[in-house]
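Chain residues, written in single-letter form:
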Amino acid sequence: MSLYATRFLQLSQLLQLSRHDWQQTPFGCTELPWPELAAALQALDEDELDALDVDDAAALAWLGQWRPELLNAKPVQLPELRRAPDYATPRWSSGIGGRKWAQIKDFAANIGIYSFTKATPILEWCAGKGHLGRLLAQQGAPVTSLEWDADLCAQGEALADQLQLPHQFVCADALKPEAAALFQPQQVAVALHACGELHLRFLTHAAAASTQQMALSPCCYHLIAAQHYQPLSRSGQQHDLHLDKQSLRLPLQQQVTGGERVRRLRQLELTWRLAFDELQQSLTGNASYLPLPSFPKRLLSGTFSDFAAWACHQKNLPMPAVVDEDHWLARAAKRRLLVKRIELVRHRYRYLLELWLLLDKVLFLEERGYQVQLGLFTDLQHTPRRYLLQAKLN
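All values reported here derive from a predicted model rather than from experimental measurement.

Definitions and cut-offs
Residues numbered from 1 in each chain as written. Predicted model: local features only at pLDDT ≥ 70, side-chain atom pairs only at ≥ 80, totals over all residues. Heavy atoms only, no water. Axes fitted to C-alpha atoms, helices over the stretch in contact; angles between N-to-C directions. Helix = DSSP H or I, 4+ residues; strand = E, 2+ residues; numbered from the N terminus. Parallel < 35°, antiparallel > 145°, perpendicular 65-115°, else oblique. Left-handed = near helix turned anticlockwise from the far one by under 90°. Contact = heavy atoms within 4.5 Å. Nonpolar A, V, L, I, M, F, W, Y, C, P; charged D, E, K, R; others polar. 1 Å grid on protein atoms, 1.4 Å probe; cavity = no way out; pocket = protein on both sides within 12 Å on 5 of 7 lines; lining within 4 Å. Points joined across faces, edges and corners; volume = space filled by probe spheres on them. Buried < 20%, exposed > 50% of the residue type's maximum accessible area, 1.4 Å probe, protein only. Pairing = 2+ DSSP bridges. Right-handed = clockwise from strand over helix to strand, strands pointing away. Phe/Tyr/Trp six-rings, centres within 6.5 Å; stacked < 30°, edge-to-face > 60°.

Caption draft 1: Examining the packing of helix α4 (residues 46–53) against helix α15 (residues 325–346) more closely. Orientation of α4 relative to α15, taken along the N-to-C sense of each, is 30°, at an axis distance of 10 Å. In terms of orientation, α4 and α15 fall into the roughly parallel class. The hand of the α4/α15 crossing is left-handed. Residues Glu46, Leu49, Asp50, Leu52 and Asp53 of α4 form the contact with α15, whose participating residues are Arg336, Leu337, Lys340, Arg341, Glu343 and Leu344. Across the contact of α4 with α15, the residue classes break down as 4 nonpolar, no polar and 7 charged.

Here it is, written out as structure tokens:
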């Protein structure tokens, strides 16, 4: 049994026993779900909750008073992988944000950690404009970038032609069966921040084709076709946690610190979402939480009434002629504290759940004869989604 397999078994047991901690739905709770933690959580004011939640070591030490098994857990200590020697931006990278460019450069620095010739073709999965593929093509490798958006393909092709690179695009849907034909044995397949179902297809197609090498940084685990995560590995299927989409979102709730303005916007968004939920419950008589989709942050620059009008339109609810903003915002403030207290506990399981998902993928590839390395390819200041899975067929 590999070290990954041993740690996966230990992690499965820990997460199974602690379901009552991480499987809560904060927005749907009306009281704290842990009587033994209630007094300690209620003793923390909002500033203390915020400060503790962003300091994972301190938060773990705090929760460890009641959950010693969390402190005793020994998950895989992931190695720091290669970093780009610099983040200098070429002309063609204009329009790529600084953090995104750093991620691309660091990811590319790890391609070829196993030996392969410059003639080895590269498949870039879910490529967008093909920024990563363009960088790799400049090293001499022929690159094929798969992207479903025709406009992005056209822009990527124009840049490749301008730079005279061996870089072509295939405009197709990665979720269609024919996309599997792009995977070949003598190939390096790469995917930077492929979401949910897209990175699952990437892994299964590459393994089925016996693709020689692959590099994957997964993202957005909840964007899957099924209602629950379907483990890929045999061990994952034996120790299935039956993760629903709510649970799969938990690892994504870690964010890069963005300064005071970003913190205030997050607080405002949380308050307004809860205030609207209080409003919709009065309109519908339904006491269940009604989730809203993501929305452009410019909505937060208006009034709560404007936001409520948008939300009512999204949910096909009648908009009241007059909205008592102070009333709904005051009710939301009370719920906001409850949400933060519950999240202080849930967030201590973010890393463990993400590691479980990553190790399921590692074991899937090991079962199919791959040598696998899992590590951190970029710095936390660039993105919390910094896990890189690299595999070479033995």
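Caption draft 2: Spatial organisation of the layout of surface pockets. In this structure, the second largest pocket spans a volume of roughly 400 Å³. Forming the walls of the second largest pocket are 18 residues, and the residues nearest its centre are Asp56, Gln254, Tyr351, Leu352 and Tyr387. Going through the elements one at a time, α5 (56–63) and α16 (350–367) are the ones with two or more residues in the lining of the second largest pocket. If one sorts the elements of the lining of the second largest pocket by residue count, α16 sits on top with 3 residues. Residues of the lining of the second largest pocket, tallied by class, amount to 11 nonpolar, 3 polar and 4 charged.

Caption draft 3: Fine view of the packing of helix α3 (residues 35–42) against α15. Packing of α3 against α15 leaves a shortest axis separation of 11 Å and a crossing angle of 115°. Note on packing geometry: the crossing formed by α3 with α15 is right-handed. Residues Leu37, Leu41 and Gln42 of α3 form the contact with α15, whose participating residues are Arg341, Leu344 and Val345. Split by residue class, the contact of α3 with α15 holds 4 nonpolar, 1 polar and 1 charged.

Caption draft 4: Up close: the pairing of strand β5 (residues 213–219). Most of β5 sits inside the fold, with 7 of its 7 residues counted as buried. Sheet topology places strand β4 (residues 188–195) next to β5; 7 bridges connect them, and they run parallel. Each bridged residue has a counterpart across the sheet, and for Val190 the counterpart in β5 is Ala215. Each parallel crossover has a hand, and for β4 linked through helix α10 (residues 196–208) to β5 it is right-handed.

Caption draft 5: Looking closely at the sheet that holds β5. Taken together, 7 strands build an open sheet; the order of strands is β3-β2-β1-β4-β5-β7-β6 and the sheet is mixed. The open sheet has two free edges, formed respectively by β3 (167–171) and β6 (370–376), since each of these has just one partner strand. Taking each pair of neighbouring strands and ignoring which way they run, the sheet shows an average axis angle of 15°. Pairing of strand β1 (residues 122–124) with β4 involves 3 bridges; the strand directions are parallel. Bridging from a neighbouring strand, Ile122 pairs with Val188 of β4. Its contacts with the sheet put α16 on β5, β6 and β7 (387–393), and the angle it makes with β6 is roughly 160°.

Caption draft 6: Geometry of the packing of aromatic side chains. The final tally for this structure, using the stated rule, is 15 aromatic pairs. Ring centres of Phe27 and Tyr289 lie 5.0 Å apart, and the angle between their planes is 85°; this geometry places the pair in the edge-to-face category. Placement of Phe27 in the loop between α2 (19–22) and α3 and of Tyr289 in the loop between α13 (259–284) and α14 (304–314) is noted, with a sequence separation of 262 residues between them. In this structure Tyr289 comes out as partly exposed when scored by relative accessible area, which is 22%. Centre to centre, the rings of Trp272 and Phe307 are 5.6 Å apart; their planes meet at 45°, and the pair counts as tilted. Here the residue Trp272 occupies a position in helix α13, and Phe307 occupies one in helix α14, the gap between them amounting to 35 residues. The buried category is assigned to Trp272, whose relative accessible area is 6%. Members of the aromatic cluster, each reached through a chain of ring pairs, are Trp272, Phe295, Phe304, Phe307 and Trp310.

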